[in-house]
Structures are given as structure tokens and as C-alpha cells.
Amino acid sequence: MMRRTRVVDILSRENAGGEVLVQGWVKTKRSSKNVSFIQLNDGSTLKDLQVVVDETLPDYTLAESLSTGCSVSVVGSLVESPGKGQKYEVHARSVELFGYADPEEYPLQKKRHTLEYLREIGHLRPRTNTFGAMARVRNAVSFAIHSFFQSRGFIFLQAPIITASDAEGAGAMFRVTTLDPNNPPMKDGRVNYGEDFFGKPAFLTVSGQLEAEIFALALSDVYTFGPTFRAENSNTSRHLAEFWMVEPEVAFCDLEGLSELAEDFLKYIFTYVLENCGEDMVFFNQWYDKSAISTLEGIVSSTFEKLTYTEAVDILKSSGESFEFPVEWGHDLQSEHERYLTEVKIGKPVIVTDYPREIKAFYMRLNDDEKTVRAMDVLVPRIGEIIGGSQREERHDVLLERLRQTGLDERDFWWYMDLRSYGTVPHSGFGLGFERTVQFVTGVQNIRDVIPFPRTPNNAEF
Ligand code: 4AD
Ligand code: MG
């Protein structure tokens, strides 16, 4: 049996000639005079392959009946295309239909559909140019993430998805339980989680950081890359309830070392995308953000700006801008503030450090001023925060104090405290939001359109 050739491999051939077997879905078909032209797409590239079916062929009637969405198998000879816009075309010898798609019913038409509409047909949107390109860019960014850390000797760690601890201390967790919600076991008037699957309350993880710290304090350089879950009710264009995060954790590293790593990391990803996703990036640049490519090129050759939180607050206060949320030292920066800093004021990525302790997680290292912690957020134009990280509190007594102040139960973190009792070292890490990265790279506005199956409040379709 003949082996299928992917369209991307056909189009990268040096020369035409020979016979090929191509299989895919019909993008469009038009018939003129005595031939039918089928634009065939197999998802291996944005480009369609033109298949020419001559009326003298036994399969001509079949070819003529094809419409958008039909799946076909074509054998034919690969020739140079006289037409504009394509290098090669296939002159069919045989055309076989796998599955018909009735044009009266098929939800994808030739015309451009809105992204909102495409979200309702999540099972078919991968067949559009946008979501094909999206899937390929996501794939390339994932590969770049692994190759960056692998080339630096980091160990890829698989952090658990089910956890009993609230890593961010923010309480926005999904509960994992096998108890019957209509008839849970009770004790002293409350649900008795002692009888639940794990014998105690369990949740979907919000971050793999705490487990990454465990391994960093043995293997020095590790990273996680996996799904994380947040039950925040924030219906914004930058929040998902399920998203992927990349979390490097580095022993013997302070905040300066960490911000250098973050800058190198982002530049590596953007360079990789520019070098390997040319065609898909031209597509996003044309249809979604005219500055997508130039923004990436600019960043790759720039040096990130560094500001302390206090400096950032001063800049925002004296900016003369009227923000929706007031700027006050001690309040978290809102998305509008972050975007003003990186987009308007600085015009490139900004690393903001040393936030007030009250607005950051318990594990961040306390500064000598006892007011701020060694936190670091990387802000980029259009998105705002793309990375959040910190140097970790490695001093047992200081950490204990912080846990108590935050109202967390130190018994839940006995192992985390143990790491500070036995061979503690300065260490640091950050989390990169994978979808925000893809959003930034492609210029696509809504985070729901850069993940295969978005999970947001009131939406877990497909
Ligand atoms: O700033 P965050 O909450 O940091 C942490 O979770 C740390 N434990 C990371 C670490 O130090 N190892 O989240 C990190 C990044 C954010 O900067 C953002 O890009 C992304 O994760 N993120 C989200 N992305 C999509 N939807 C959400 N709801 C997100 N929440 C955070
Ligand atoms: Mg954050």
C-alpha cells in the first residue's frame, strides 16, 4: 500500500514529479469547464494543496460532488502548478471519499466566522486556518519551552495534579471528592472529609511550585510544565479556570539570577517562534495583530526594563492618567496599570520587583525593610502579567511567622517547613502562563481562543 504524504512535506520538496497519496479535508472546491479544483488541507500546514480532477477521470462525478468538509483520499502525480499562489499541484488519478459533509448542514462555510461562533463548535474549529495555526504555534512554543530548559540541564518534573495544599494561599481551588454531594457523611454538623477518598480534603492544584521546590532542593534545577486550575470567578480575556503553567525552580539562585533566567527564557521562545512558525505568524500578523511579528522581533533584541513596585507606583501616580482603579502603595497593580507601564511608559517588557508583603503569597522572601518581598512580575504589552515569581523564604523562623500571619495552618505545610530545617538554601522560581504566552505571540485577543478547549465560569463544553 502507498504511504500518505503530508502536505507540508510535499510543499517543501525540491522538485515536482512522481506519484503521491494525499489525504485530508476539502477546504473549497470549484469546477470550471472540464476540471474540478479541490483545495485539500491536512492540517500539517496552513497551505492547502490544489488537486486537479479532469473530467475524463472515472472519479470526476464524485470529485464534482465534493464540498467543504468532505474527507478524501487522492492519488495522483505531483506537478509544478501553472497557477498563481502554489508551487505544486496534484493531478488526480483516483479520488476516494471517506466521509461526506452536507453543505446545507456543515457549520463551517467558506466565509470568515467570528471567534465567538467558533467557540460554539469547538469540535470543528481545529479545521479553520486560525485554529490550525494556533495548534501548530502552541506545539512550537511547548517544544521551545522544553528545549530551553533541557539545553540548560534542568530536570523536567511532573508535579501532582491532585493536592492537599493551597500553594498560592488564595483559596481559589476546585475540590476533588468522591463523596455523594446529596448525602455526605457528617461529623459534628459538618461534612466529614475523613471519609473521603484521600481521608482529607483534596483539590486540583493551582501551581506545581511547592513540589518543584522539594525537587530543586535536591536536584538544583528543575521545571514543571502542566495544567493548573483556578476557581476564580474572573470572566476576563486573560483568565481561564484551567490553564498550563511552566514553573522553573532554581536552587542557589536569588531574584537577580531569576529575572535573568526569565528574560533569556522569553527571548528564546520568541526567537524560536519567529524562526519556526513563519507562515503561521504571517497569518496571525495579517488577520489578528499587524504588529505581532515586529513586537516579537523588537523584544528579542531589547533589554527588559527593571522597576521596583515602589518606583512603578510613583510613575503611575505622576502619569496624569485617569485609571479606573486608584493607584495606592500597598494595593495590587491592576491590569490597566501593568499595561500603562509596559505599553505606554516603557514600550517593552518590564520586570517589577519587591511588592508589598500583604499582597503577595506567604512563601516569598521578606526584604530587610520588612515591608516588601522579593517578588517579580514580568509585564508585557497587550497582556500585562505573563510571569509571576519570587525568591523563596528559606529562613525557617521568618517563614513560620509569615504562614501564621497569613492565617494558613502550619501543620499542612510541615514538609515545606522541613525543607527549611534540613539543608535550606536560597532558591527562586517563577511561573509562566502558557496561554498568555501564546496570546502574546499570536496577538489573538481572547485567551479562550488560544487553548484547544477553554474552561471558564459556566463553560466546560467539549
Ligand atoms: O502569578 P501566579 O499566580 O504565580 C504562581 O502560581 C507561582 N506559584 C508561580 C511560581 O513562582 N512558580 O501565576 C503565574 C502565571 C501568571 O503570571 C499568569 O501568566 C498565569 O500564570 N496565570 C493565568 N493564566 C491564565 N488564567 C489564569 N486564571 C491565570 N492565573 C495565572
Ligand atoms: Mg501573579
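Structure: see above.
Bear in mind that the values here come from a model prediction, so they are computed numbers and not experimental data.

Student: Help me understand the overall build of the chain in this model?
Tutor: The helix and strand tally for the chain stands at 13 helices and 18 strands. Principal axes of the C-alpha set define a box for the chain whose edges measure 85 × 55 × 45 Å. Considering the chain as a whole, with its 462 residues, one finds that 52% of them fall into the buried category. When contacts within the chain are restricted to residue pairs at least 6 apart in sequence, long-range pairs at least 24 apart make up 67% of them. Accessible area of the chain: about 22,200 Å², with a carbon and sulfur share of 50%. Across the chain, the centroid of the 49 positively charged side chains sits 4 Å from that of the 68 negatively charged ones.

Student: Which parts of the structure should I look at to understand the sheet that holds strand β2 (residues 35–41)?
Tutor: Strand pairing in a sheet relies on backbone hydrogen bonds, with the paired strands running either antiparallel or parallel. Spatially, the 5 strands close up into a barrel ordered β1-β2-β3-β5-β4, and their pairing is mixed. Strand after strand, the sheet turns through a mean of 50° between neighbouring axes, direction not considered. The pairing of strand β4 (residues 71–80) with strand β5 (residues 88–99) spans 10 bridges and is classified as antiparallel. Bridge pairing in β5 places V74 opposite V95.

Student: Sorry, what's going on with the packing of aromatic side chains here?
Tutor: How two aromatic rings sit relative to each other is set out by the distance from centre to centre and by the angle between their planes. Going through the model one piece at a time under the given rule, you end up with 24 aromatic pairs. Between F148 and F265, the ring centres sit 5.1 Å apart and the planes meet at 40°, which makes this aromatic pair tilted. With F148 in helix α4 (residues 129–151) and F265 in helix α6 (residues 255–276), this residue pair connects regions lying 117 residues apart in the sequence. Both residues of the pair, F148 and F265, belong to the buried class. Summarising the aromatic geometry, the rings of F265 and F430 are spaced 6.0 Å apart at their centres and angled 35° between planes, so their arrangement reads as tilted. One end of the pair, F265, is in helix α6; the other, F430, is in strand β18 (residues 427–433), and 165 residues separate them in sequence. Owing to a relative accessible area of 0%, F265 belongs among the buried residues under this scheme. Put simply, the rings of F148, F149, F154, F156, Y223, F265, Y268 and F430 pair up and form one aromatic cluster. One Lys or Arg, K360, reaches over the ring of Y355 and ends 4.2 Å from the middle of that ring.

Student: Explain the site of ligand 1 here, please?
Tutor: Neighbouring ligand 1 are 24 residues; E168, Q209, R230, E247 and E385 lie closest to it. Separating an oxygen atom of ligand 1 from a side-chain N or O atom of R230 is a distance of 2.8 Å. In the environment of ligand 1, an oxygen atom lies 2.8 Å from a nitrogen or oxygen atom belonging to the backbone of I386. The fraction of the free accessible surface of ligand 1 (630 Å²) that becomes covered by protein chains is 94%. Where the shell around ligand 1 is concerned, the elements lending two or more residues are β13 (242–251), β17 (384–391) and β18. Tallying contributions element by element places β17 first for the shell around ligand 1, with 5 residues. Grouping the constituent residues of the shell around ligand 1 by class yields 8 nonpolar, 8 polar and 8 charged.

Student: What should I look at first to understand the sheet that holds strand β8 (residues 175–176) in this one?
Tutor: Pairing in this open sheet of 3 strands is antiparallel, and the strands run β7-β11-β8 from one edge to the other. With partners counted over all chains shown, the strands left at the sheet margins are β7 (162–163) and β8, one partner each. For β7 and strand β11 (residues 202–204), the ladder comprises 2 bridges, and the chain directions are antiparallel. Residue pairing across strands places I162 opposite L204, the latter belonging to β11.

Student: What's the story with helix α11 (residues 396–406) in this structure? I'm lost.
Tutor: The periodicity of an α-helix, 3.6 residues per turn, causes residues three or four places apart in sequence to face the same way. Among all positions in α11, only V398, L399, L400, R402 and L403 are buried. Here the buried face of α11 lies against β16 (372–380) and α12 (414–421). Residue G407 follows α11 closely and has a positive phi angle near 80°.

Student: It is not clear to me how the environment of S428 should be interpreted in this structure. Could you clarify?
Tutor: Along the chain, S428 turns up in strand β18. Placed 169 residues apart in sequence, S428 and S259 show a C-alpha to C-alpha distance of 9.7 Å. For S428, the contacting residues outside a window of four places in its chain are P248, E249, V250, C253, D254, L255, L258, S390, Q391 and R392. A distance of 2.7 Å separates the side chain of S428 from the backbone oxygen of C253, its partner in a polar contact.

Student: What should I look at first to understand unusual backbone geometry in this one?
Tutor: What you tend to see is this: most non-glycine residues have negative phi, and most peptide bonds are trans. One non-glycine residue with positive phi stands out, namely D188, at about 50°. Mapped onto the secondary structure, D188 falls in the loop between β9 (186–187) and β10 (190–191). Even without glycine at this site, D354 takes up a positive phi of about 55°. Here D354 shows up in strand β15 (residues 350–356).

Student: Is there a simple way to explain helix α8 (residues 292–300) in this structure?
Tutor: For α8, the full list of buried residues reads A292, I293, T295, L296 and I299. Each buried residue of α8 lies within a common arc of 160° when the element is viewed along its axis, so the set occupies one face.

Student: Explain the packing of α6 against helix α13 (residues 434–442) to me, please; I cannot follow it from the model alone.
Tutor: Packed helices, taken two at a time, are described by the angle their axes make and the gap between the axes. Where α6 meets α13, the axes come as close as 11 Å, and the angle between the chain directions of the two elements is 50°. Put simply, α6 runs oblique to α13. Considering the relative orientation of α6 and α13, their crossing is right-handed. Here α6 contributes I269, F270 and V273 to the contact with α13, which in turn contributes T437, F440 and V441.

Rules of the game
- Residues numbered from 1 in each chain as written.
- Chains lettered and ligands numbered in written order.
- Predicted model: local features only at pLDDT ≥ 70, side-chain atom pairs only at ≥ 80, totals over all residues.
- Heavy atoms only, no water.
- Helix = DSSP H or I, 4+ residues; strand = E, 2+ residues; numbered from the N terminus.
- Buried < 20%, exposed > 50% of the residue type's maximum accessible area, 1.4 Å probe, protein only.
- Contact = heavy atoms within 4.5 Å.
- Areas by Shrake-Rupley, 256 points an atom, 1.4 Å probe, with all protein chains shown as cover.
- Lys, Arg positive; Asp, Glu negative; His and termini not counted.
- Charge placed at Lys NZ, Arg CZ, Asp CG, Glu CD.
- Pairing = 2+ DSSP bridges.
- Axes fitted to C-alpha atoms, helices over the stretch in contact; angles between N-to-C directions.
- Phe/Tyr/Trp six-rings, centres within 6.5 Å; stacked < 30°, edge-to-face > 60°.
- Lys NZ or Arg CZ within 6 Å of the ring centre and 35° of its normal.
- Near = heavy atom within 4 Å.
- Polar contact = N/O pair within 3.5 Å; in protein donor to acceptor, adjacent residues only side chain to side chain.
- Nonpolar A, V, L, I, M, F, W, Y, C, P; charged D, E, K, R; others polar.
- Arc of directions from axis to C-beta.
- Parallel < 35°, antiparallel > 145°, perpendicular 65-115°, else oblique.
- Left-handed = near helix turned anticlockwise from the far one by under 90°.

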